[in-house]
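This is what each chain is made of:
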Amino acid sequence: MKKLASLLICLCCLCAFALAEGEIDLDSVETLTYDLGDFTIDVSVDDYVQQSEKADNAVFFVVYPDFAGSTDFNPYYNIAWTQQDLSAVFNQMEAAELAQKQLDGPVASYNAMGVAVDNAQVTRAEYSEDLSTLTMHTVMDVDYSGMGVDLQMTLHQAQVWMDLGEAGGYIFSFTAADEPGLEAMLACMDTLQFS
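Here the structure is a predicted model, which is why all the values come from computation and not from measurement.

Asker: Describe the pairing of strand 5 (residues 76–82), and please don't skip the residues or the numbers.
Answerer: Sheet faces and side chains relate simply in a regular strand, where the side chains alternate between the two faces. With respect to burial, strand 5 is a largely interior element, six of its seven residues being buried. In the sheet, strand 4 (residues 58–64) pairs with strand 5 via five bridges, with the strands oriented antiparallel. Across the sheet, the residue bridging to Val63 is Tyr77, located in strand 5. Two elements, strand 5 and strand 9 (residues 169–176), share seven bridges in a ladder whose sense is antiparallel. Paired with Ala80 across the two strands is Ile171, which belongs to strand 9.

Here you go:
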């Protein structure tokens, strides 16, 4: 019995030593990698992340970079998944036409909520050479006074529609208060690693 107890104590010591060797100093970590099924994405440890189950035509991953939580507006980006064959959509219309249709929807929604929108325009819309990705940038002036919020600003937005064939498609949406902020968030696309 003493031999068995000694063996168990040795095993416990070895496990503790092995765990100590593999410890991660969280203060030294700058990014976290999220596995979203078809790809992984890196997110800063300073970002606030909301993740839910992936469902058709629904946002399931939202990131608020360097989240302060105390301002009227926080830049953010989100990811939605769709079963729809996006390449079929891409083949039906020019990039600029599709981007304009995508801009018209939110403008109508904002107006219906009492948010006044001016100067809404598509500033960029293009397909990738292989017609698997659509990238669009838009800008609009919004006034939330009609909702009882004293906030007027220019929204800079971008969407990246990515067709993955049988795996469906992903729509990445980015919203910021200025162009540099938008470009900084778009850098997350460089961290994607596909399965």
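Asker: Now, about the sheet that holds strand 6 (residues 116–127): what can you tell me, with residues and values included?
Answerer: Strand order in the open sheet formed by seven strands is 3-4-5-9-8-7-6, and the pairing between neighbours is antiparallel. If you trace the sheet from one side to the other, it starts and ends with strand 3 (48–51) and strand 6, each paired once. Strand after strand, the sheet turns through a mean of 15° between neighbouring axes, direction not considered. Sitting on the sheet, helix 3 (residues 95–112) touches strand 6, strand 7 (133–143) and strand 8 (152–163), and the angle it makes with strand 6 is about 155°. Lying over the sheet, helix 4 (residues 179–186) contacts strand 5, strand 7, strand 8 and strand 9, oriented at roughly 150° with respect to strand 9.

Asker: Which residues make up the pattern of salt bridges, and what values do they have?
Answerer: Inspection of the entire model under this criterion finds two salt bridges. For Asp38, the salt bridge is made with Lys54, and the minimal N-O distance between the two is 3.6 Å. Of the two residues, Asp38 sits in the loop between strand 1 (31–35) and strand 2 (39–44) while Lys54 sits in the loop between strand 3 and strand 4, which places them 16 residues apart along the sequence.

Asker: Quick one: what's the story with the packing of aromatic side chains, residue by residue and with numbers?
Answerer: Summed over the entire model, instances satisfying the criterion amount to 11 aromatic pairs. Linked through ring pairs, Phe39, Phe60, Tyr170, Phe172 and Phe194 together constitute an aromatic cluster. Over the face of the ring belonging to Trp81 we find Lys54, whose NZ or CZ atom lies 5.1 Å from the ring centre.

Asker: Go over the sheet that holds strand 10 (residues 193–194), please, and point to the residues and values.
Answerer: Taken in spatial order, the three strands line up as 1-2-10 in an open sheet, and their pairing is antiparallel. Strands at the two margins of the open sheet, each flanked by one partner only, are strand 1 and strand 10. Across two bridges, strand 2 lies against strand 10 in antiparallel orientation. In the strand pairing of strand 10, Phe39 is matched with Phe194.

Asker: Describe the nonpolar core, naming the residues involved and giving the relevant values.
Answerer: By size, the foremost hydrophobic cluster in this structure holds 23 residues, and its most contacted members are Ile41, Phe61, Tyr77, Ile79, Phe172, Phe174 and Met189. The biggest single contributor to this core is strand 9, with four residues. If we ignore the near neighbours within four places in the chain, the residues touching Phe61 are Tyr34, Leu36, Ile41, Val43, Val49, Gln50, Gln51, Tyr77, Asn78 and Ile79. Of all hydrophobic cores here, the second largest spans 12 residues; its members include Leu103, Tyr110, Val115 and Val117.

Asker: Kindly report on the environment of Gly146, identifying the contributing residues and their values.
Answerer: If you trace the backbone, Gly146 turns up in the loop between strand 7 and strand 8. By relative accessible area, which is 60% here, Gly146 ends up exposed. Spatially, the C-alpha atom of Gly146 lies 8.0 Å from that of Met113, the residues being 33 residues apart in sequence.

Asker: Please provide a residue-by-residue account of the environment of Leu155, values included.
Answerer: Among the secondary structure elements, Leu155 is positioned in strand 8. For Leu155, a relative accessible area of 1% translates into the label buried. Separated by 35 residues in sequence, Leu155 and Ala120 have C-alpha atoms that sit 9.3 Å apart. Among residues more than four places away in sequence, those in contact with Leu155 are Phe73, Tyr110, Thr138, Val139, Met140, Val142, Tyr144, Thr175 and Ala176.

Asker: Requested: an account of helix 4, with residues and values cited.
Answerer: All of the buried residues in helix 4 are Leu182, Met185 and Leu186. Projection of helix 4 onto a plane perpendicular to its axis shows the buried side chains occupying an angular sector of 100°, all on one side. Facing away from the buried side of helix 4 by over 90 degrees, the exposed positions are Pro180 and Ala184. Elements that come into contact with the buried residues of helix 4 comprise strand 5, strand 7, strand 8 and strand 9. A distance of 2.7 Å separates the backbone nitrogen of Gly181 from a side-chain oxygen at the start of helix 4, and that oxygen is part of Asp178.

Reading the values: rules and limits
- Residues numbered from 1 in each chain as written.
- Predicted model: local features only at pLDDT ≥ 70, side-chain atom pairs only at ≥ 80, totals over all residues.
- Heavy atoms only, no water.
- Buried < 20%, exposed > 50% of the residue type's maximum accessible area, 1.4 Å probe, protein only.
- Helix = DSSP H or I, 4+ residues; strand = E, 2+ residues; numbered from the N terminus.
- Pairing = 2+ DSSP bridges.
- Axes fitted to C-alpha atoms, helices over the stretch in contact; angles between N-to-C directions.
- Contact = heavy atoms within 4.5 Å.
- Salt bridge = Lys/Arg side-chain N within 4 Å of Asp/Glu carboxyl O.
- Phe/Tyr/Trp six-rings, centres within 6.5 Å; stacked < 30°, edge-to-face > 60°.
- Lys NZ or Arg CZ within 6 Å of the ring centre and 35° of its normal.
- Core = buried A, V, L, I, M, F, W, Y, C linked by side-chain atoms within 4.5 Å.
- Arc of directions from axis to C-beta.
- Polar contact = N/O pair within 3.5 Å; in protein donor to acceptor, adjacent residues only side chain to side chain.

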